[in-house]
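# Structural overview
Residues per chain, in single letters:
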Amino acid sequence: MPAPYTDLLNEALDDLTATLTAVTGLRVVNDPTKLVPNCVFVQALSFTTIAGNGNIVRVDFPIKVVGSGPAGLPVLREILQISATVLGSSVI
């Protein structure tokens, strides 16, 4: 069994994943090996130190919407609907 990751950044990833799932009702994935179409994928973070000798950072988690099926208008509309749900949530 892997050791639990309890540092600040791993907890931020877990909190974002749990909150997005609870607020939007969408399938939220943060493990690229578990991607299943029609989900929201939280990618690896990037951060910038902004003040306080590096003690204050801005953290960004890129979010991708993964659709299914052949490319076309129905898939685009589904991706847009998922994106609108994420953007309309209190997480953003």
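So, here is what we can say about the structure in this document. What you see is a predicted model, and the numbers here were worked out from it, not measured in a lab.

### Examining unusual backbone geometry
Of note, the phi angle at Asn38 is positive, near 65 degrees, even though the residue is not glycine. Within the element layout of this structure, Asn38 appears in the loop between β1 (28-29) and β2 (39-42). For Asn38, a relative accessible area of 26% gives the class partly exposed.

### With respect to a nonpolar patch on the surface
On the surface, Leu8, Leu9, Phe47, Val57 and Val59 cluster together to form a nonpolar patch covering roughly 430 Å² of accessible area. Mapped onto the nonpolar patch, the elements with two or more residues apiece are α1 (8-24) and β4 (56-60). With respect to the helices and strands, Leu9 occurs in helix α1.

Analysis parameters
- Residues numbered from 1 in each chain as written.
- Predicted model: local features only at pLDDT ≥ 70, side-chain atom pairs only at ≥ 80, totals over all residues.
- Heavy atoms only, no water.
- Helix = DSSP H or I, 4+ residues; strand = E, 2+ residues; numbered from the N terminus.
- Buried < 20%, exposed > 50% of the residue type's maximum accessible area, 1.4 Å probe, protein only.
- Patch = residues over 30% accessible without salt bridge, like charges linked within 9 Å, V, L, I, M, F, W, Y side chains within 5 Å.
- Areas by Shrake-Rupley, 256 points an atom, 1.4 Å probe, with all protein chains shown as cover.
- Salt bridge = Lys/Arg side-chain N within 4 Å of Asp/Glu carboxyl O.

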